[in-house]
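Spelled out, the chains give:
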Amino acid sequence: MVKFAGGSNLYIPNESSLVKGARNRMIRESFDGDYKKVSRKFGISTAQVRNIVNYR
């Protein structure tokens, strides 16, 4: 790593940012009109589900 990135700032994203796109796609595909059910399934708030489903 020293030869590759020595002397520079190196950013390593956390796991959640890497899988967020796939998770959001799964949320949109499984959405059947019930925000509460989807929020419980994915462990996020109903407001987050609403934002994900309505984002285009």
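Here, the structure is the one placed above.
Residues numbered from 1 in each chain as written. Predicted model: local features only at pLDDT ≥ 70, side-chain atom pairs only at ≥ 80, totals over all residues. Heavy atoms only, no water.

**Overview of the overall build of the protein chain**
Argument step 1. Secondary structure summary: the protein chain contains 4 helices and 0 strands in total.
Argument step 2. Overall, the C-alpha framework of the protein chain stretches about 50 × 20 × 15 Å when taken along its three principal axes.
Argument step 3. Scored against the burial criterion, the 56 residues of the protein chain give a buried share of 20%.
Argument step 4. Taking as baseline every contact in the protein chain between residues at least 6 positions apart, the subset at least 24 positions apart corresponds to 25%.
Argument step 5. Accessible surface for the protein chain amounts to roughly 4,800 Å². Of this, 54% is attributable to carbon and sulfur atoms.
Argument step 6. Here the protein chain contributes 11 positive and 4 negative side-chain charges, whose respective centroids are spaced 6 Å apart. (Helix = DSSP H or I, 4+ residues; strand = E, 2+ residues; numbered from the N terminus. Buried < 20%, exposed > 50% of the residue type's maximum accessible area, 1.4 Å probe, protein only. Contact = heavy atoms within 4.5 Å. Areas by Shrake-Rupley, 256 points an atom, 1.4 Å probe, with all protein chains shown as cover. Lys, Arg positive; Asp, Glu negative; His and termini not counted. Charge placed at Lys NZ, Arg CZ, Asp CG, Glu CD.)

**Observations concerning the packing of helix α2 (residues 15–30) against helix α4 (residues 46–54)**
Argument step 1. Put simply, α2 and α4 touch, their axes get as near as 9 Å, and they point 90° apart. The angle between the axes of α2 and α4 places the two elements in the roughly perpendicular class. From α2, Arg23, Asn24, Ile27 and Arg28 reach across to α4, where they touch Val49, Ile52 and Val53.
Argument step 2. Residue classes in the contact of α2 with α4 are distributed as 4 nonpolar, 1 polar and 2 charged. (Axes fitted to C-alpha atoms, helices over the stretch in contact; angles between N-to-C directions. Parallel < 35°, antiparallel > 145°, perpendicular 65-115°, else oblique. Nonpolar A, V, L, I, M, F, W, Y, C, P; charged D, E, K, R; others polar.)

**Points about the nonpolar core**
Argument step 1. Judged by nonpolar contacts, Ile27, Tyr35, Val38, Phe42, Ile44, Val49, Ile52 and Val53 together constitute the single largest core of 8 residues.
Argument step 2. Looking at this core, the elements with two or more residues in it are α3 (35–42) and α4.
Argument step 3. Residues contacting Tyr35, with those up to four places away along its chain left out, are Thr46, Val49, Arg50 and Asn54. (Core = buried A, V, L, I, M, F, W, Y, C linked by side-chain atoms within 4.5 Å.)

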